[in-house]
Amino acid sequence: TAGITQAPTSQILAAGRSMTLRCTQDMRHNAMYWYRQDLGLGLRLIHYSNTAGTTGKGEVPDGYSVSRANTDDFPLTLASAVPSQTSVYFCASSAEGHGNQPQHFGDGTRLSIL
Amino acid sequence: DQQVKQNSPSLSVQEGRISILNCDYTNSMFDYFLWYKKYPAEGPTFLISISSIKDKNEDGRFTVFLNKSAKHLSLHIVPSQPGDSAVYFCAASALYNNNDMRFGAGTRLTVKP
């Protein structure tokens, strides 16, 4: 079972360029999330979606946008990358968007902005 | 403003002994707590959770204890195995705000054979 698939695995990007990180799940989960992981800070929520067609801002949304056109896909876009967006990005999903539901994570995208 | 703190970046224990990982939180509105385990180059995987109406939850070798008055929780692993070596993240959420899960910075556990 694939679960959550993220692409690419890693990427080096020039500052000012745009980039879309892809995330697909095959569990028919309603809720999906994007996190960034930085050393000493743990995982911080960027954006979330409780169901197809809706999105919301997390703890650190600035510089990022998302869309949820269908249940399975939840792409994250950096419109104009900056070095501070160098991080490891994790996509996750849960059956519903409730705080007591464990989230299932992809294996991450390591992004370096130069 | 880190609302969930794991003050020990690393912990090393001998195989067969107990591992105790600690987590503190500041937001009294958190009422659900989870532990995730992460191996290198993989995403975090859910390990165990506890609701604020309980003070203990056990699943095999893993037990989570919650002390609400101290805003503290801990994960006990007994007996520890080399395969338990990983980074452990504590997470907290509030049911009224279902998309604001906060994670600690993680503790790297090394279990030595």
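The structure displayed is predicted, hence computed values, not measured ones.

Reading the values: rules and limits
Residues numbered from 1 in each chain as written. Chains lettered and ligands numbered in written order. Predicted model: local features only at pLDDT ≥ 70, side-chain atom pairs only at ≥ 80, totals over all residues. Heavy atoms only, no water. Helix = DSSP H or I, 4+ residues; strand = E, 2+ residues; numbered from the N terminus. Rg over C-alpha atoms; globule rule 2.2 N^0.38 Å. Buried < 20%, exposed > 50% of the residue type's maximum accessible area, 1.4 Å probe, protein only. Areas by Shrake-Rupley, 256 points an atom, 1.4 Å probe, with all protein chains shown as cover. Lys, Arg positive; Asp, Glu negative; His and termini not counted. Charge placed at Lys NZ, Arg CZ, Asp CG, Glu CD. Contact = heavy atoms within 4.5 Å. Salt bridge = Lys/Arg side-chain N within 4 Å of Asp/Glu carboxyl O. Pairing = 2+ DSSP bridges. Axes fitted to C-alpha atoms, helices over the stretch in contact; angles between N-to-C directions. Disulfide = S-S within 2.5 Å.

Caption draft 1: Spatial organisation of the overall build of chain A. For chain A, the count of helices and strands is 0 helices and 11 strands. Secondary structure of chain A in N-to-C order comes out as β-β-β-β-β-β-β-β-β-β-β. Against the globule reference of 13 Å for 114 residues, chain A gives a C-alpha radius of gyration of 13 Å, in line with a compact fold. Relative to its full complement of 114 residues, chain A shows a buried share of 46%. Split by element, the accessible area of chain A, about 5100 Å² in all, is 49% carbon and sulfur. Here chain A contributes 8 positive and 8 negative side-chain charges, whose respective centroids are spaced 7 Å apart.

Caption draft 2: Structural context of the overall build of chain B. In terms of helices and strands, chain B carries 0 helices and 11 strands. Secondary structure elements of chain B, listed N to C terminal, follow the sequence β-β-β-β-β-β-β-β-β-β-β. Along the first, second and third principal axes, the C-alpha atoms of chain B reach 45 × 30 × 20 Å. Residue burial in chain B is summarised as follows: out of 113 residues, 46% are buried. Across chain B, the fraction of contacts at a sequence separation of at least 24, relative to all contacts at a separation of at least 6, is 55%. One way to put it: in chain B the 12 positive side-chain charges average out to a point 4 Å from where the 10 negative ones average out.

Caption draft 3: Focus on the pattern of salt bridges. Residue and element names in this part refer to chain A. Applying the stated criterion across every chain yields a total of 7 salt bridges over all chains. With a shortest N-O distance of 2.9 Å, Arg-44 and Asp-38 are connected by a salt bridge. We note that Arg-44, like Asp-38, is buried. Connected through salt bridges with shared partners, the residues Arg-36, Asp-38 and Arg-44 form a single ionic network.

Caption draft 4: Up close: the sheet that holds strand E8 (residues 76–78) of chain A. Residues and elements named next belong to chain A. Taken together, the 4 strands give an open sheet; going across it, the order is E1-E3-E8-E7, and neighbouring strands pair in antiparallel fashion. Among the strands making up the open sheet, the edge pair consists of strand E1 (4–7) and strand E7 (64–66). When the angles between neighbouring strand axes are averaged without regard to direction, this sheet yields 20 degrees. In this sheet, strand E3 (residues 19–25) lies alongside E1 in antiparallel orientation, the contact comprising 4 bridges. If you follow Gln-6 over to E3, its bridge partner there is Cys-23.

Caption draft 5: Looking closely at the state of the cysteines. Residue and element names in this part refer to chain A. Within this structure, the stated rule accounts for 2 disulfides over all chains. A sulfur-sulfur separation of 1.9 Å characterises the disulfide bridge that pairs Cys-23 with Cys-91. Looking down the S-S bond of the Cys-23 and Cys-91 bridge, the torsion is -75 degrees, so its handedness is left-handed. You can see Cys-23 sitting in strand E3 and its partner Cys-91 sitting in strand E9 (residues 87–94), a full 68 residues away along the chain. The burial state of Cys-23 is the same as that of Cys-91; both residues are buried.

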